[in-house]
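Notes for the structure review
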Amino acid sequence: MMTGKDFLSDQEVRWCPGCGDYSILKQFTEVLALIGADPSQTVVISGIGCASRLPYYVNAYGMHSLHGRAPAVATGIKLANPSLDVWLITGDGDALSIGGNHLIHALRRNVGVPILLFNNEIYGLTKGQYSPTSRSGAVSKSTPLGSIDHPVNPQTLALGAGATFLARSMDRHPAHLREVLAASKAHKGSAFVEIYQNCNVFHDGAFEQFTDKKSQSDHAIFLQHGEPITFGTNLDHGLILEGSQVKVVPLAERSASECWIHDERDPMKAFALARMTEDLRPFGILYREDRPVFEQQVHAAHQNSRSFEEVLAMGRTWTVD
Amino acid sequence: MTKVLSHLVVLMAGDSGDGVQLLGSQLIRAAAQSGQDVRTLSDFPAEIRAPQGTISGVSGFQFQMASEAIFDPGDAADVFVAFNVAGWIKHQHKLKPGGLLLASIDGFDARSKSTAGLEASENPLEEAKSNFQVLEVDFKKITSEALKNQSLSGREKSRAKNMTILGLLTWLYGQSAPAMEVDLQRQFQGDLAAANVLAFRAGYHLGETAEWTAFRREVPQRKALPGTYKTLSGSQAMALGLAAVARQLGRQVLYAGYPITPASEILHELARIRPAGVLPFQAEDEIASITAAIGASYAGNLGATASSGPGISLKGEGMGLAVMMELPLLIINVQRGGPSTGLPTKMEQSDLLQALYGRHGEAPMPVMAIKRTGEALDDVLLAAKIAVESMTPVMLLSDAYIANSAEPFRLPDPEQMRRIEAPKADIRRAPYARDEHGVRPWIVPGTPEGMHRVGGLETEAETGNVSYDPKNHQSMVEQRSAKVQAVTRFYGPLSVEVGEDQGDVLIVGWGSTYGAIRTAVESLRVQGHAVSHLHLKHLFPLHPQVIPFMTGFKQVVVAEMNEGQLVQVLRSQTQQVIHFLGKTSGQPFASSELQAGIIPYISAS
Ligand SMILES: Cc1ncc(C[n+]2csc(CCOP(=O)(O)OP(=O)(O)O)c2C)c(N)n1
Ligand code: SF4
Ligand SMILES: [Mg+2]
């Protein structure tokens, strides 16, 4: 049995001390051990950014590719060899700015890779410019007066692109992160996982209210399929859906079983969850759907191809003796 | 008696909806099949349905058939088939004085004149009569009469007009009518096939009835090399080349493309012929197509991609990554007129410097060019062999001219094709350890105990780990360069296409100008001049003999379809004076224009 440590490469990890990426690397390698991954069948593909350094630290095959292009690289790998266990690591700038197009197309094709997006709402590697997920008004190196852009919502974007698996977790909740990562690997097709990651150098505390033990229970909802959606220190609040409106209700007024029961398979409800971008946000698996996997379909369609000799003989040929 | 000619050049021009290209391909197939050598030149508008009847909407197709081996579609036409007045106006200067103009008169009526921008008072056909022989034929009427009992729509009937023209041309130029009918029947179904054959016959009999025997010409058959043939365009031959690569490499080729004229044809052809071992993938853009191809190469396929103009620029970053990671990759650049969207359907050789130098950093990469359709398959195989056996991206240049020009293609014997041997996935060697040629092993994911990481950051020698060490960077830059320089081991001997190894003038070309240059040089030699033709297949690294070879000539002239790119490269490597003949009109060189350009250098030598 391999342990998480066995999945670490011999390379020195070079993130800033205190960076959330350390925890994600740790949970990731532990999950590889947990699911019994074969390092020689595992391929970790990334773009460019702090997050994207991760493949260098994993004892597996890997490629640190081009900024934003990891989904296309991963698609090529899957088309070349569908049996490989490919993971994709990306950042908010990498996946949603320069690589937005590739992300959309990997999701709609349903290429069989988990896509782990480390969202720190900042460009870390280039030293602190605002990113597509930075909130309006974000003060950064390139927006000293506050940003004007309306931020992208990674969850609704992925859902709109046709993602078949949507989840959210965080660097500071190892057990939850491991559970979500394992589920993303078990999914057949593209599994979009947004991971809240703290960049303690350029955007410290961006997700504090959701990740800090003291405030977490009031702001983070941990979804469980088939269970009522509840939160709060003593799970004393729940969500209900009135039409398409999400409402918070104190459980003193009604029982948990009267709350919104989480159904991962309901895209409309997933959309309502994905739209919760204020102080109360869902974590766990927001949505899941079964859809044929791209690379398998491509290979099935190419089954009865023609031999080279048959191709030569196609069309109108003539012979000179 | 039918007059016998060794060469016959036919130019057809009409509206892009007239089926000129279809008619042309039908005729050349027949000619090639009956033993004449054939070369073609297609010229079409960039718009799908350009305004009908206008000069900008003219679609042209020229071909030369000959009783000996030929290399270009000919310059001036012996025969001009004008489907409409716009076609005639646009290309009339290409008809030889005294040549035959076959005019489809329904395309010369008042309305056609006005859409072509002529005054009602102008009468181009009358004017033509003073310089050319003119046959005015009402093909529309003849066709509709031939089809009057057919249950087809008026539109379908009028479309059959080009079959009537085909019939007449078949009669005029001694092709076999039964063979043509069989061909038509194979190509069309049911009522349409029957109608097309009727229209064809009407055209075929027209010549006899009208007593046009004096206009008939016969081009004798030549003895072609024994073998099986079909007509293929350059892009079709390249697609076949990719199929050959999969066979010879014994691994899958992932061909990732994004639609762009004129490169799309390769993707279409692969999707149509579906060769075993070649997976065509239409990606979301050019960047995705090259990066998907890179991913595939990492995973042990050969990744291949093709594009044109702006699409090649988008791929630049990906090429740099493949150079850095040292993965095999085939990039086909079907050049077109640029910059930007430029002239998407026209030919130009203006991407050479981009191919050689258009990447960030020190990113050397072998660059080759295809010179004719007949060699496209083998060139693709050679490019793939270099890519795989040297673990490097390779760029193969084609252009809009080769991509579209069809010619009889002799099918290879699969057993005789080049072999490609992938570097072993030997895990006892470090992932970036080099063999005697500087080549690293190709250890692909899935290989037990071969785990390693690759990436765009500078690689440490041997291990491939990230390295910022100054000495390592210097050394790796040199190692990558030496590896690429060493691909000259795959080159054959340098040899001229025509002429001696020494003489007065050497014409150097590359790519699709081959036919025009060769034809020009051959005629100059017939006139007694000591001219030779050297055509470069390898643009980087150059064949080591190129520079020394040039010293055997008093004058060296580079002829290329740009503002002087190869000439700059050669000048940078020698003190010898090198002259330049260029053109960027979107139209290929005519051999006569090259001859005229070369003559001053002959007199100077
Ligand atoms: C083509 C290109 N443009 C720009 C860059 C510079 N660059 C590197 S990483 C990065 C942003 C990374 O942000 P994100 O994806 O959020 O990753 P993080 O560093 O925050 O983990 C940028 C702009 C690059 N490497 N390549
Ligand atoms: S800059 Fe931010 S994201 Fe990057 S390593 Fe440092 S703390 Fe982590
Ligand atoms: Mg970021």
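Quick caveat: nothing in here was measured; it's all calculated off a predicted structure. (Residues numbered from 1 in each chain as written. Chains lettered and ligands numbered in written order. Predicted model: local features only at pLDDT ≥ 70, side-chain atom pairs only at ≥ 80, totals over all residues. Heavy atoms only, no water.)

Counting its secondary structure elements, chain A contains eleven helices and twelve strands. Rg of the C-alpha trace for chain A: 22 Å, near the compact-globule value of 20 Å for 321 residues, within the 12% margin. C-alpha extents for chain A along the principal axes are approximately 95 × 50 × 45 Å. Residues counted as buried form 57% of the 321 residues belonging to chain A. (Helix = DSSP H or I, 4+ residues; strand = E, 2+ residues; numbered from the N terminus. Rg over C-alpha atoms; globule rule 2.2 N^0.38 Å. Buried < 20%, exposed > 50% of the residue type's maximum accessible area, 1.4 Å probe, protein only.)

All names here are of chain A. Distances from the magnesium ion (ligand 3) to its protein donors, Asp92 (OD), Asn120 (OD1) and Ile122 (O), fall at 2.0 to 2.2 Å. Ordering the donors of the magnesium ion (ligand 3) by residue number gives the pattern D-x27-N-x1-I. Placement of the pair is Asp92 in helix H3 (residues 92-98) and Ile122 in the loop between strand S4 (114-119) and helix H5 (154-161), with a sequence separation of 30 residues. Accessibility expressed as a relative area gives 2% for Asp92, which makes it buried. (Donors = N, O, S within 2.8 Å, 3.2 Å for Na, K, Ca; no water.)

Further remarks concern the site of ligand 2. All residues in the neighbourhood of ligand 2 are listed as A:Trp15, A:Cys16, A:Cys19, A:Cys50, A:Asn120, A:Gly124, A:Gln197, A:Cys199, A:Asn200, A:Val201 and A:Phe202. Residue composition of the shell around ligand 2, by class: seven nonpolar, four polar and no charged. (Near = heavy atom within 4 Å. Nonpolar A, V, L, I, M, F, W, Y, C, P; charged D, E, K, R; others polar.)

The next point concerns helix H1 (residues 20-33) of chain B. All names here are of chain B. In this model H1 runs 20 Å from its N-terminal to its C-terminal C-alpha over 14 residues, within 8% of the 20 Å that 1.5 Å per residue would give. Listed as buried for H1 are Val20, Leu23, Gly24, Gln26, Leu27, Ile28, Arg29, Ala30, Ala31 and Ala32. Two residues or fewer after H1 comes Gly35, characterised by a positive phi angle close to 105°. (Expected span 1.5 Å × (residues − 1).)

It is worth spelling out the sheet that holds strand S6 (residues 95-104) of chain B at this point. All names here are of chain B. Within the open sheet, the six strands sit side by side as S3-S4-S2-S5-S6-S7. Their pairing is mixed. Only two strands of the sheet have a single neighbouring strand rather than two, namely strand S3 (37-43) and strand S7 (133-137). The mean inter-strand angle of the sheet, taken between neighbouring strand axes irrespective of direction, is 15°. Where strand S5 (residues 77-82) and S6 come together, five bridges link them in parallel fashion. Opposite Ala77, over in S6, you have Leu95 as the bridge partner. In the packing of helix H7 (residues 161-172) onto the sheet, the strands contacted are strand S2 (7-15), S5 and S6, and the crossing angle to S6 comes to about 140°. (Pairing = 2+ DSSP bridges. Axes fitted to C-alpha atoms, helices over the stretch in contact; angles between N-to-C directions. Contact = heavy atoms within 4.5 Å.)

Each partner contributes to the interface: chain B provides 75 residues, whereas chain A provides 53 residues. When the two sides are added together, the surface that chain B and chain A hide from each other amounts to roughly 5,200 Å², 61% of it contributed by carbon and sulfur. Run the count over chain B and chain A and you get three salt bridges. A:Glu309 is the salt-bridge partner of B:Arg247, the closest N and O atoms lying 3.0 Å from each other. Taken together, the connections running from chain B to chain A amount to 33 residue pairs in polar contact (both at pLDDT 80 or more). Residue composition of the side of chain B that touches chain A, by class: 42 nonpolar, 20 polar and 13 charged. For strand S2 (residues 61-64) of chain A and strand S17 (residues 453-455) of chain B, the ladder comprises three bridges, and the chain directions are parallel. (Buried area = accessible area lost by both parts, 1.4 Å probe. Salt bridge = Lys/Arg side-chain N within 4 Å of Asp/Glu carboxyl O. Polar contact = N/O pair within 3.5 Å; in protein donor to acceptor, adjacent residues only side chain to side chain.)

Here we take up empty space enclosed by the protein. All names here are of chain B. For the structure shown, the criterion picks out five cavities of 30 Å³ or more. There is about 90 Å³ of room inside the largest cavity. In terms of lining residues, the largest cavity is bounded by 13 residues, among which Leu41, Ser42, Thr345, Lys346 and Met347 are the most central. Broken down by secondary-structure element, the contributors of at least two residues to the lining of the largest cavity are S3 and helix H17 (400-404). Grouping the constituent residues of the lining of the largest cavity by class yields six nonpolar, five polar and two charged. In this structure, the second largest cavity encloses a volume near 50 Å³. Lining the second largest cavity are Leu11, Leu41, Asp43, Gly60, Phe61, Gln62, His91, Lys94 and Gln587. Of all elements in the fold, only S3 and strand S4 (58-66) reach the threshold of two or more residues within the lining of the second largest cavity. At three residues, S4 tops the list of elements feeding residues into the lining of the second largest cavity. Grouping the amino acids of the lining of the second largest cavity by side-chain chemistry returns three nonpolar, four polar and two charged. (1 Å grid on protein atoms, 1.4 Å probe; cavity = no way out; pocket = protein on both sides within 12 Å on 5 of 7 lines; lining within 4 Å. Points joined across faces, edges and corners; volume = space filled by probe spheres on them.)

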